[in-house]
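Results of the structural survey
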Number of protein chains: 2
Amino acid sequence: MFQRYSKQREVVYNVLCQTKTHPTVDWVHEEAKKVLPEIGIATVYRNLRELVKHGMAKVVLTPDNKEHFDADMTQHPHFICKSCGCVMDVTTQGHTNIAQKGFVVESCDTTFFGTCPQCAN
Amino acid sequence: MFQRYSKQREVVYNVLCQTKTHPTVDWVHEEAKKVLPEIGIATVYRNLRELVKHGMAKVVLTPDNKEHFDADMTQHPHFICKSCGCVMDVTTQGHTNIAQKGFVVESCDTTFFGTCPQCAN
DNA sequence: ATTATAATGATAATCAATATCACTTATCCA
DNA sequence: TGGATAAGTGATATTGATTATCATTATAAT
């Protein structure tokens, strides 16, 4: 998978796996420093990218143009709050149940990723 | 809606309405310059933001960290190609029909926007 | 243990997006 | 109709998230 083991990558991945808050790079960096005080922000960026590339994490883009990361690779929708900016998992199905949990839904975007017909040829 | 009319805003909105390519700011700027050669990039940014704020356009964030814009406010999913980066509308329902049109779907993200339970109180 | 090179950490560079500000122009109203 | 007011513009500086660079460190094969 990876060419070599590194303590930094292990810590970055552990930090990401142990939270459900869909953190930003900076948050992961702060948490990782509690274990490896010398770890640099570039290393956190690099390893998060690598994890995404290897299918071990996903990027969640928020309207404030920041990347959030999620190590939960099961297919599941997210909820982004326009007030506090938090990113949360949505485990129920459809608007009705979300509303019952207290979420006020204003809109919903669905995006498919892959290869378009032109490029597939 | 807007406090004053401006030719620039009209042109920006017309450009956006007349395409289905979900263009970037730069593309809208280039098109707008064909009508108003003096229009500045800041004005295009400003007016696209205003259109979004007033519910006349939507932002589509792509994995290359660029904003694309869409004046089609009906609820519809998008397809983003990892090869050419294009953003396309998906009019059919479910993976099967998309696949039949030649799209190779690798993943799908759904995001709800609104106010979370904590902020709603 | 030696060697090759992947990975790191500090920091410079990039670039999309935003803020600033002097100037222009749409709209109001006397 | 013409001047006043302030919204809107255009040029450009600034910001800030992300990426690139490169000397150094550390993994893993021999």
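Just above sits the structure.
Okay, so let's go over this structure. (Residues numbered from 1 in each chain as written. Chains lettered and ligands numbered in written order. Predicted model: local features only at pLDDT ≥ 70, side-chain atom pairs only at ≥ 80, totals over all residues. Heavy atoms only, no water.)

**Quick look at the sheet that holds strand 5 (residues 104-115) of chain B**
The strands making up a sheet associate through hydrogen bonds between their backbones, and the pairing can be parallel or antiparallel. The strand order across the open sheet built from six strands is 4(A)-3(A)-5(B)-5(A)-3(B)-4(B), with neighbouring strands paired in mixed fashion. The sheet terminates laterally at strand 4 (87-89) of chain A together with strand 4 (87-89) of chain B, the two strands that pair on one side only. Averaged over all pairs of adjacent strands, the angle between their axes in this sheet comes to 30°, without regard to strand direction. In this structure, strand 3 (residues 78-81) of chain A lies alongside strand 5 of chain B, joined through four bridges in parallel fashion. (Pairing = 2+ DSSP bridges. Helix = DSSP H or I, 4+ residues; strand = E, 2+ residues; numbered from the N terminus. Axes fitted to C-alpha atoms, helices over the stretch in contact; angles between N-to-C directions.)

**Comments concerning the protein's contact with DNA strand D**
Close to DNA strand D lie 20 residues; Arg4, Tyr45 and Arg49 of chain A together with Ser6 and Arg46 of chain B are nearest. The contact atoms of DNA strand D, taken as those within 4 Å of the protein, divide so that sugar and phosphate hold 64%. A distance of 2.6 Å separates a phosphate oxygen of DNA strand D from a polar atom in the side chain of Arg49 of chain A. When contributions to the surface near DNA strand D are tallied by element, the ones reaching two or more residues are helix 3 (41-53) of chain A together with helix 1 (7-17) and helix 3 (41-53) of chain B. Of the residues in the surface near DNA strand D, the class split is five nonpolar, six polar and nine charged. (Near = heavy atom within 4 Å. Polar contact = N/O pair within 3.5 Å; in protein donor to acceptor, adjacent residues only side chain to side chain. Nonpolar A, V, L, I, M, F, W, Y, C, P; charged D, E, K, R; others polar.)

**Points about helix 1 (residues 7-17) of chain A**
Residues and elements named next belong to chain A. Turning to helix 1, its buried residues number three or more, namely Arg9, Val11, Val12, Val15 and Leu16. Projection of helix 1 onto a plane perpendicular to its axis shows the buried side chains occupying an angular sector of 165°, all on one side. At its buried positions, helix 1 is contacted by helix 2 (25-35), helix 3 and strand 2 (67-70). (Buried < 20%, exposed > 50% of the residue type's maximum accessible area, 1.4 Å probe, protein only. Arc of directions from axis to C-beta. Contact = heavy atoms within 4.5 Å.)

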